Amino acid sequence: MLRTTTHLRALTPQDLPELHRLLDLDPLVNLFVRNRVDATKLQARWLGGQVWGYFEDGALVSACHAGANLVPVEATPAALELFAEQVLADNIRPSSIVGPRDTVLPLWKLLEPRWGPARSPRLAQPFMVLDRDSRIQPDPRVRPVLIDEFETIYPACVAMFTEEVGVDPEATSRAGYRARVAQLISQGWSFAIIEDGEVIFKTEVGAATSQACQLQGVYVHPDLRGQGIAGPAIAGVVHLVRQSIAPIVTLYVNDHNTVARRAYERVGFEHTTTFASILL
């Protein structure tokens with residue numbers, strides 16, 4: 001009886017065609033990694049980490065982005081075992097493990113005995129998709145943020161990150177976070193309602209491919225929450241990004257955040273699968 005031969009190694013630019021094929025098995029779920037791969041072409045100096053490939057009989061079966069975030073891609077149980085071994089051998093300590101729940105939780109089970117309890121385990125996050133303009137009227141005030149509005153939008157970005165992640169981004173890497181916010185604005189990926197110098201609403205596209213994009217950092221000014229601002233504002237963002245960035249819009253949200261989930265459902269987003277995030 002023939003045995004399957006397996007191995008794991010860091011992928012290189014020569015592996016791009018096979019990696020693209022793997023990512024295209026689920027282009028929406030794999031959007032973050034495809035965005036990173038497209039932006040860096042797997043050049044180490046730009047990637048800020050590695051993408052590992054798990055091979056069976058010479059064919060790429062699974063992959064894992066190993067950088068600031070650990071993100072498994074189409075990962076089989078056998079691949080997860082080797083990914084965990086490689087993470088521990090290389091002494092990698094990402095800020096999070098993110099991806100489909102059915103791969104993130106088994107990977108975390110392998111790593112937790114060595115790493116200890118997670119700072120914030122988010123074990124069920126509906127992954128939601130909208131492939132058309134919203135059925136509700138978009139808020140016409142939503143627009144791309146201008147680069148000269150950086151200092152106006154930046155405090156809202158810090159507030160949202162701190163509220164959502166539980167860590168002040170300025171305490172860990174102020175320069176890096178400011179650069180990231182400026183980059184999103186310059187790309188045309190930052191959207192907001194700004195009135196009289198006050199940020200009423202904001203969100204960003206955190207990753208995009210030619211097929212789809214992913215929203216992140218949805219924020220409504222604390223004094224204005226509960227007034228029905230989010231739904232029409234998100235509908236406005238969906239309309240704009242489908243015109244200028246990608247035809248399908250995705251996001252994922254904590255399952256306990258029922259207010260946000262209801263707002264996304266009103267806009268027209270549908271729960272298609274479930275993610276998990278282990279914040280470390």
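Residues numbered from 1 in each chain as written. Predicted model: local features only at pLDDT ≥ 70, side-chain atom pairs only at ≥ 80, totals over all residues. Heavy atoms only, no water.

Enquirer: Which residues make up the packing of helix α4 (residues 77–89) against helix α5 (residues 101–115), and what values do they have?
Expert: Describing two packed helices takes the angle between their axes plus the distance from one axis to the other. Between α4 and α5, the least distance of the axes is 10 Å, while the angle of their chain directions is 35°. Between α4 and α5 lies a crossing whose hand is right-handed. Packed against α4, whose contacting residues are Leu80, Glu81, Phe83, Ala84, Val87 and Leu88, the element α5 presents Thr103, Pro106, Leu107, Leu110, Leu111, Arg114 and Trp115 at the interface. Partitioning the contact of α4 with α5 into residue classes produces 10 nonpolar, one polar and two charged. (Axes fitted to C-alpha atoms, helices over the stretch in contact; angles between N-to-C directions. Helix = DSSP H or I, 4+ residues; strand = E, 2+ residues; numbered from the N terminus. Left-handed = near helix turned anticlockwise from the far one by under 90°. Contact = heavy atoms within 4.5 Å. Nonpolar A, V, L, I, M, F, W, Y, C, P; charged D, E, K, R; others polar.)

Enquirer: Which residues make up the side chain of threonine 203, and what values do they have?
Expert: Mapped onto the fold, threonine 203 is located in strand β9 (residues 198–208). Given the relative accessible area of 1%, threonine 203 is considered buried. Within polar-contact distance, the side chain of threonine 203 engages the backbone oxygen of glutamine 216 at 2.6 Å. The contact partners of threonine 203, leaving out residues within four places of it in the chain, are Trp189, Ser190, Phe191, Leu215, Gln216, Gly217, Val218 and Val237. (Buried < 20%, exposed > 50% of the residue type's maximum accessible area, 1.4 Å probe, protein only. Polar contact = N/O pair within 3.5 Å; in protein donor to acceptor, adjacent residues only side chain to side chain.)

Enquirer: Tell me what's going on with the packing of helix α1 (residues 16–23) against helix α2 (residues 31–40), and back it up with residues and numbers.
Expert: Contact pair α1 / α2: the axes reach a minimum separation of 10 Å and the direction vectors enclose 160°. Compared by their axis directions, α1 and α2 come out roughly antiparallel. The way α1 lies across α2 gives a crossing that is left-handed. Of the residues in α2, those touching α1 at Leu16, Leu19, His20 and Leu23 are Val33, Arg34, Val37 and Asp38. For the contact of α1 with α2, the class distribution of residues is five nonpolar, one polar and two charged. (Parallel < 35°, antiparallel > 145°, perpendicular 65-115°, else oblique.)

Enquirer: Talk me through helix α9 (residues 258–267); I want residue IDs and the actual numbers.
Expert: Listed in full, the buried residues belonging to α9 are Ala260, Ala263, Tyr264 and Val267. Along the axis of α9, the buried positions cluster into a sector of 95°, meaning they face one direction only. Packing partners of the buried residues in α9 comprise β6 (120–130), β10 (212–220), α8 (230–244) and β11 (248–252). Just downstream of α9 lies glycine 268, where phi reads positive at about 125°. (Arc of directions from axis to C-beta.)

Enquirer: Outline the state of the cysteines, supporting the account with residue identities and numerical values.
Expert: Per the counting criterion, the structure on display carries zero disulfides. Just so you know, cysteine 157 is unpaired, no disulfide at all, and the nearest cysteine sulfur is the one on cysteine 213, 17 Å from it. Residue classification places cysteine 213 among the buried residues on the basis of a relative accessible area of 0%. (Disulfide = S-S within 2.5 Å.)

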